[in-house]
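# An overview of the molecular structure
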Amino acid sequence: PSSAFVPSGAVFGDSHGNVVHLYERDCTLQRRNQKVVEEAPAPGMSDELRRNMTSAAVRLAESVGYEGAGTVEFLVEGSRLSGDANWYFIEMNTRLQVEHPVTEEITGLDLVEWQFRVAAGEELPQQQDDIAFGGHAIEVRLCAEDPARDFAPSLGTIHEFDILEDEGLRIESGVDAGSSISPFYDSLIAKII
């Protein structure tokens, strides 16, 4: 298609046959097949399209007896996000994805805790009717990259690293001043949500 929208639907299943959806995220803004910005809920998505996609994501997870966190990705043709838009299944990522904080922010759920509970054989902590979304969340990836070299990873030592935290801002990072950016790993140094 000449233009497309890429929503993904978060799902969670347990070993007791329960599967729920956790609404959707917009992952349209990508570079080299890598998500750069994630937003939830997807702006402009109609309730009908949301229902259709989340239902399809749940049916897919149920059909394979899926357990744990997962993300079902779709492609919407064109720029209309109405109930009659043409949309297609792309893939399912069978893991808790790096952009899961935007889902946590709009649902108020701790998906890492859910992962541990499901791995221990427990039932999902909530059923679909108990899960609602509110508010809006955006995640931006902060990467150590060199724009003069086509955004290749910028290798070396981080001499200073300070992100001002503010109310409503969530920072997730595994680096600090003195950390090294290696050619062996992703150049992601922080997520700003």
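Each remark here, short or long, concerns the structure printed above.
Residues numbered from 1 in each chain as written. Predicted model: local features only at pLDDT ≥ 70, side-chain atom pairs only at ≥ 80, totals over all residues. Heavy atoms only, no water.

### Section: the overall build of the chain
- Counting its regular elements, the chain contains 3 helices and 15 strands.
- When contacts within the chain are restricted to residue pairs at least 6 apart in sequence, long-range pairs at least 24 apart make up 63% of them.
- Only carbon and sulfur atoms are counted for the fraction: they give 49% of the accessible area of the chain, which is about 10400 Å².
- Placing the 14 positive and 34 negative side-chain charges of the chain at their respective mean positions leaves the two points 6 Å apart. (Helix = DSSP H or I, 4+ residues; strand = E, 2+ residues; numbered from the N terminus. Contact = heavy atoms within 4.5 Å. Areas by Shrake-Rupley, 256 points an atom, 1.4 Å probe, with all protein chains shown as cover. Lys, Arg positive; Asp, Glu negative; His and termini not counted. Charge placed at Lys NZ, Arg CZ, Asp CG, Glu CD.)

### Topic: the side chain of Lys35
- Secondary-structure assignment places Lys35 in strand 5 (residues 34-35).
- Judged by relative accessible area, which is 11%, Lys35 ranks as buried.
- Within polar-contact distance, the side chain of Lys35 engages the side chain of Glu99 at 3.5 Å.
- Non-local contacts of Lys35, meaning those with residues more than four positions away in its chain, are made with Cys27, Leu29, Gln30, Glu73, Asn93, Gln97, Glu99 and Arg141. (Buried < 20%, exposed > 50% of the residue type's maximum accessible area, 1.4 Å probe, protein only. Polar contact = N/O pair within 3.5 Å; in protein donor to acceptor, adjacent residues only side chain to side chain.)

### Comments concerning the state of the cysteines
- Within this structure, the stated rule accounts for 0 disulfides.
- You can see Cys143 has no disulfide; the closest cysteine sulfur is in Cys27, sitting 16 Å from it. (Disulfide = S-S within 2.5 Å.)

### A look at the environment of His159
- Mapped onto the secondary structure, His159 falls in the loop between strand 12 (156-157) and strand 13 (171-173).
- The exposure class of His159 is exposed, given its relative accessible area of 72%.
- Sequence separation between His159 and Ser179 is 20 residues, and the spatial gap between their C-alpha atoms is 7.9 Å.

### A closer look at the pattern of salt bridges
- Inspection of the entire model under this criterion finds 14 salt bridges.
- A salt bridge links Glu104 to Arg170, with the nearest nitrogen and oxygen atoms 2.6 Å apart. Taken as a pair, Glu104 in helix 2 (residues 100-107) and Arg170 in the loop between strand 12 and strand 13 lie far apart in primary sequence, 66 residues in all.
- Residue classification places Glu104 among the buried residues on the basis of a relative accessible area of 8%. (Salt bridge = Lys/Arg side-chain N within 4 Å of Asp/Glu carboxyl O.)

### Regarding unusual backbone geometry
- The linkage connecting Ala40 with the following residue, Pro41, adopts the cis geometry, with an omega of -10 degrees.
- One can find Pro41 in the loop between strand 6 (37-40) and helix 1 (47-63).
- Positive phi, normally seen in glycine, also occurs at Tyr23, with a value near 70 degrees.
- Along the chain, Tyr23 falls in strand 3 (residues 19-26).
- Since its relative accessible area comes to 13%, Tyr23 is described here as buried.
- Backbone geometry places Asp150, a non-glycine residue, at a positive phi of 55 degrees.

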